[in-house]
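Reading the structure
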Amino acid sequence: GHRVPSTGVCLVVTVDSPDEGYSPRQIASAKNARKAMSMFGSPSAATFKLMVRDNFINNCPVTLDAIRVANNIFGPDAASLQGKMARQTPEHVDIGLVEIPPEIIT
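Report on the accompanying structure.

Conventions and cut-offs
- Residues numbered from 1 in each chain as written.
- Predicted model: local features only at pLDDT ≥ 70, side-chain atom pairs only at ≥ 80, totals over all residues.
- Heavy atoms only, no water.
- Patch = residues over 30% accessible without salt bridge, like charges linked within 9 Å, V, L, I, M, F, W, Y side chains within 5 Å.
- Areas by Shrake-Rupley, 256 points an atom, 1.4 Å probe, with all protein chains shown as cover.
- Salt bridge = Lys/Arg side-chain N within 4 Å of Asp/Glu carboxyl O.
- Helix = DSSP H or I, 4+ residues; strand = E, 2+ residues; numbered from the N terminus.
- Buried < 20%, exposed > 50% of the residue type's maximum accessible area, 1.4 Å probe, protein only.
- Core = buried A, V, L, I, M, F, W, Y, C linked by side-chain atoms within 4.5 Å.
- Contact = heavy atoms within 4.5 Å.
- Axes fitted to C-alpha atoms, helices over the stretch in contact; angles between N-to-C directions.
- Parallel < 35°, antiparallel > 145°, perpendicular 65-115°, else oblique.
- Expected span 1.5 Å × (residues − 1).

Notes on a nonpolar patch on the surface
- A grouping of Val93, Ile95 and Leu97 is seen on the molecular surface, where their side chains present a nonpolar patch of about 410 Å² in accessible area.
- For leucine 97, the position within the fold is in the loop between helix 4 (78–81) and helix 5 (102–105).
- Looking at leucine 97, the relative accessible area reads 81%, which means it is exposed.

A few points about the nonpolar core
- In this structure, Ala30, Ala33, Phe48, Val52, Val62, Ile67 and Ile73 are the most contacted members of the largest nonpolar core, which totals 16 residues.
- Elements represented by at least two residues in this core include exactly helix 1 (24–39), helix 2 (45–53) and helix 3 (64–74).
- Excluding residues within four positions of it along the chain, alanine 33 makes contact with Phe48, Val62, Ala66, Ile67 and Ala70.

Some words on the packing of helix 1 against helix 3
- Relative to each other, helix 1 and helix 3 sit at 90 degrees, their axes nearing to 8 Å. The pairing of helix 1 with helix 3 is recorded here as roughly perpendicular in orientation. Contact residues: helix 1 offers Gln26, Ile27, Ser29, Ala30, Lys31, Ala33 and Arg34, while helix 3 offers Asp65, Ala66, Ile67, Val69, Ala70, Asn71, Ile73 and Phe74.

Concerning helix 1
- The end-to-end C-alpha separation of helix 1 is 23 Å, in line with the 22 Å expected for 16 residues at 1.5 Å each.
- Along helix 1, the residues that are buried comprise Ile27, Ala30, Ala33, Arg34, Ala36 and Met37.
- Glycine 41 lies just past helix 1 and shows a positive phi near 85 degrees.

Some details on the side chain of aspartate 77
- Examined against the element boundaries, aspartate 77 turns out to sit in the loop between helix 3 and helix 4.
- Those residues in contact with aspartate 77 that sit more than four places away from it in its chain are Arg34, Met37 and Ser42.

Details of the pattern of salt bridges
- A full pass over the atoms with the stated rule returns two salt bridges.
- Salt-bridge contacts for arginine 53 lead to aspartate 54; the nearest nitrogen and oxygen are separated by 3.2 Å.
- Linking arginine 68 and aspartate 65 is a salt bridge whose minimum nitrogen-to-oxygen distance equals 2.4 Å. Remark: aspartate 65 and arginine 68 occur in helix 3; sequence separation between them is three residues, near one turn of the helix.
- Among the residues examined, aspartate 65 registers a relative accessible area of 34% and is labelled partly exposed.

What to know about unusual backbone geometry
- The residue serine 42 is not glycine, and still its phi comes out positive at about 55 degrees.
- Along the chain, serine 42 turns up in the loop between helix 1 and helix 2.
- For serine 42, a relative accessible area of 15% translates into the label buried.
- Unusually for a residue other than glycine, asparagine 55 sits at a positive phi of about 55 degrees.
- By the secondary structure assignment, asparagine 55 is in the loop between helix 2 and helix 3.

Here you go:
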């Protein structure tokens, strides 16, 4: 048989953690922001930012920075996307009928 010579090299792909670069306090604030979003009916991040910025919520400990960090770490809130991602109508597939020659049928 044919042997491939071993070079002793191992390549490893690494992925940065989404919360890398944030302090433990920022991560905790981001988790609290997500918890607060769910308590208020899972509005979109933009709507929740407006609610916080315009003081619609009394004594709200969530900051705009916490909402931004939450979106960076966790991505868009799945509950707030539910129902907003409408299914698009697929393109119509035309089924062309083909005559079968009589020689094949018999």
